[in-house]
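Single-letter residue listing:
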Amino acid sequence: MAEEQSQISDLSFEQALRELEGVVRRLESGDVPLDESIDLYERGEQLRKACQKRLDAAQARIEKIVAGPDGKPAGAEPFDTGNAA
């Protein structure tokens with residue numbers, strides 16, 4: 001399980017999303033045996049969590065954009081979630 005997690009963390013957001021979409025397609029097809037469906041569901045949940053974590057981090061970075069005196073974006077501050085991933 002830890003090996004699978006490290007493999008997921010090595011994927012880009014786009015790669016993880018594509019893999020998640022593939023998992024969903026296979027599950028929706030109904031052609032997958034029950035045991036494999038369970039494994040696919042678990043993998044999909046791990047991929048979903050990884051994608052959500054990256055989206056949350058991106059949103060937090062966007063929210064840290066600093067506005068200048070004229071109200072226009074003047075730069076961005078680094079965002080530190082406090083989590084060592």
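Our structure's up above, just so we're on the same page.
Just so you know, these numbers come straight off a predicted model, no measurement behind them.

Rules behind the numbers
Residues numbered from 1 in each chain as written. Predicted model: local features only at pLDDT ≥ 70, side-chain atom pairs only at ≥ 80, totals over all residues. Heavy atoms only, no water. Axes fitted to C-alpha atoms, helices over the stretch in contact; angles between N-to-C directions. Helix = DSSP H or I, 4+ residues; strand = E, 2+ residues; numbered from the N terminus. Parallel < 35°, antiparallel > 145°, perpendicular 65-115°, else oblique. Left-handed = near helix turned anticlockwise from the far one by under 90°. Contact = heavy atoms within 4.5 Å. Salt bridge = Lys/Arg side-chain N within 4 Å of Asp/Glu carboxyl O. Buried < 20%, exposed > 50% of the residue type's maximum accessible area, 1.4 Å probe, protein only.

Side note on the packing of helix H2 (residues 13-29) against helix H3 (residues 34-63)
Part 1: At their nearest, the axes of H2 and H3 sit 9 Å apart, and the two run at 150 degrees to each other. For the element pair H2 / H3, the angle class is roughly antiparallel. The way H2 lies across H3 gives a crossing that is left-handed. The segment H2 lies against H3, with Phe-13, Ala-16, Leu-17, Glu-19, Leu-20, Val-23, Arg-26 and Leu-27 engaging Glu-36, Ser-37, Leu-40, Tyr-41, Arg-43, Gly-44, Leu-47, Arg-48, Cys-51, Arg-54 and Leu-55.

Let's talk about the pattern of salt bridges
Part 1: In total, this model carries three salt bridges according to the counting rule given.
Part 2: Linking Arg-43 and Glu-19 is a salt bridge whose minimum nitrogen-to-oxygen distance equals 2.7 Å. Residue Arg-43 is found in helix H3, and its partner Glu-19 is found in helix H2; the two are separated by 24 residues along the sequence.
Part 3: Overall, the relative accessible area of 28% leaves Glu-19 in the partly exposed class.
Part 4: Across the pair Glu-36 and Arg-26 runs a salt bridge whose closest N-O atoms are separated by 2.3 Å. Linking Glu-36 in helix H3 with Arg-26 in helix H2, this pair joins segments that are ten residues apart in sequence.
Part 5: Given the relative accessible area of 40%, Arg-26 is considered partly exposed.

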